[in-house]
Amino acid sequence: MEQKVLGFEFIKDMYKDDPDFYEDWLAQTEGTKIQGTKFFLHKGFLFHGNKLCVPRGSYRDLLIKKVHSSGLESHLGVQKTLYILQKILRPKMIGDVQIMLRRCSISQSQEFLSADPTHRCVPNKPWEDVSMDFIIALPRTQRGNVK
Ligand SMILES: [Zn+2]
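For clarity, every value in this text was computed on a predicted model and none was experimentally measured. (Residues numbered from 1 in each chain as written. Predicted model: local features only at pLDDT ≥ 70, side-chain atom pairs only at ≥ 80, totals over all residues.)

Participant: If you had to explain the overall build of the chain to someone new, which residues and values would you point to?
Facilitator: Within the chain, the regular secondary structure consists of 7 helices and 4 strands. When its helices and strands are written in sequence order, the chain yields α-α-β-β-β-α-α-β-α-α-α. Pairs at least 24 residues apart make up 47% of the contacts formed inside the chain by residues separated by at least 6 positions. (Helix = DSSP H or I, 4+ residues; strand = E, 2+ residues; numbered from the N terminus. Contact = placed C-beta atoms within 7 Å.)

Below is the structure:
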């Protein structure tokens, strides 16, 4: 089965200039595989085990930002963001993640920093937070009343 990941093609050209992966990429390209390493090339992409190696640059930053600020568990701290990233990507990105979190206005806001992460959306007293759901097009009974 063939799979093609769109938008990643330019990564192949970045390995030769990347300080994190240049040596491992070169060793794989020239066929001088280092014994005991988990690095390998697959169709021009460098992998470490089952993790894609993403060179430094805007694409790595974008991936960090996506993991950090999207989904239900967004704006987690450095360690949890790293944990999620390192399940799928290589290398260690602690410096990149720390920089990204320092730039994140939501994570840096005083209200966010002081909130207990397990209770961020729970109001402290009644009527502190009110919301409404508008339900339309409810079915009608035989008499014409709304069910
Ligand atoms: Zn954040």
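Participant: Could you give an account of the confidence of the model for the chain, with specific residues and numbers?
Facilitator: Confidence along the chain averages 79 in pLDDT terms, with 82% of residues attaining 70 or more. Mean pLDDT values over the elements of the chain span from 66, in helix α7 (residues 110-114), up to 90, in helix α1 (residues 11-14). (pLDDT = per-residue confidence, 0-100.)

Participant: Can you lay out the sheet that holds strand β1 (residues 39-42) for me, pointing to particular residues and giving the numbers?
Facilitator: Strands in a sheet are paired, the pairing made by backbone hydrogen bonds, and the direction either parallel or antiparallel. Within the open sheet, the 4 strands sit side by side as β1-β2-β3-β4. Their pairing is mixed. A strand with exactly one partner marks an edge of an open sheet, and here the two such strands are β1 and β4 (89-90). The pairing of strand β2 (residues 45-48) with strand β3 (residues 51-53) spans 2 bridges and is classified as antiparallel. Residue Phe-47 lies in a different strand from β3, and its bridge partner there is Leu-52. Packing of helix α2 (residues 22-29) onto the sheet brings it into contact with β1 and β2, and relative to β1 it is tilted by some 60°. (Pairing = 2+ DSSP bridges. Axes fitted to C-alpha atoms, helices over the stretch in contact; angles between N-to-C directions.)

Participant: Summarise unusual backbone geometry; cite the residues concerned and give the values.
Facilitator: Although it is not a glycine, Lys-43 sits at a positive phi angle of roughly 55°. What makes Lys-43 exposed here is the crowd of 9 C-beta atoms within 10 Å. (Buried ≥ 20, exposed ≤ 12 C-beta atoms within 10 Å, placed from the backbone.)

Participant: With reference to specific residues and values, describe the pairing of β2.
Facilitator: Of the pairings in the sheet, the one linking β1 to β2 comprises 4 bridges and is antiparallel in character. Within β2, the position partnered with Phe-40 by the bridge is Phe-47. Here β1 folds back onto β2, and the loop between the two strands holds 2 residues, one of which, Lys-43, carries a positive phi near 55°. The hairpin turn running from β2 into β3, its antiparallel successor, is 2 residues long, and Gly-49 in that turn takes a positive phi close to 65°.

Participant: Just give me the short version of the packing of helix α3 (residues 58-69) against helix α4 (residues 78-88), but keep the residues and values in it.
Facilitator: One can describe the packing of α3 onto α4 by two numbers: an axis separation of 10 Å at closest approach and a directional angle of 120°. For the element pair α3 / α4, the angle class is oblique. Crossing angle aside, the handedness with which α3 passes α4 is right-handed. Facing Ile-64, Val-67 and His-68 of α3, the residues of α4 in contact are Thr-81, Ile-84 and Leu-85. Of the residues that constitute the contact of α3 with α4, the class distribution is 4 nonpolar, 2 polar and no charged. (Parallel < 35°, antiparallel > 145°, perpendicular 65-115°, else oblique. Left-handed = near helix turned anticlockwise from the far one by under 90°. Nonpolar A, V, L, I, M, F, W, Y, C, P; charged D, E, K, R; others polar.)

Participant: Before we move on, can you summarise helix α5 (residues 94-103) with the specific residues and values?
Facilitator: Every buried residue of α5 is listed here: Val-97, Met-100 and Leu-101. In a view along the axis of α5, the buried residues occupy a sector of 95°, so they form one face of it. Pointing more than 90 degrees away from the buried face of α5 are the exposed residues Gly-95, Arg-102 and Arg-103. Buried residues in α5 make contact with α3, α4 and α6 (105-108). (Arc of directions from axis to C-beta.)

Participant: For α4, give the residues involved together with the corresponding values.
Facilitator: Restricting attention to buried positions, one finds in α4 the residues Thr-81, Leu-82 and Leu-85. Down the axis of α4, the buried set is contained in an arc of 100°. They therefore lie on one face. Looking at α4, the residues exposed on the side facing more than 90 degrees away from the buried face are Gln-79, Tyr-83 and Lys-87. Next to the buried residues of α4 lie α3, β4 and α5.

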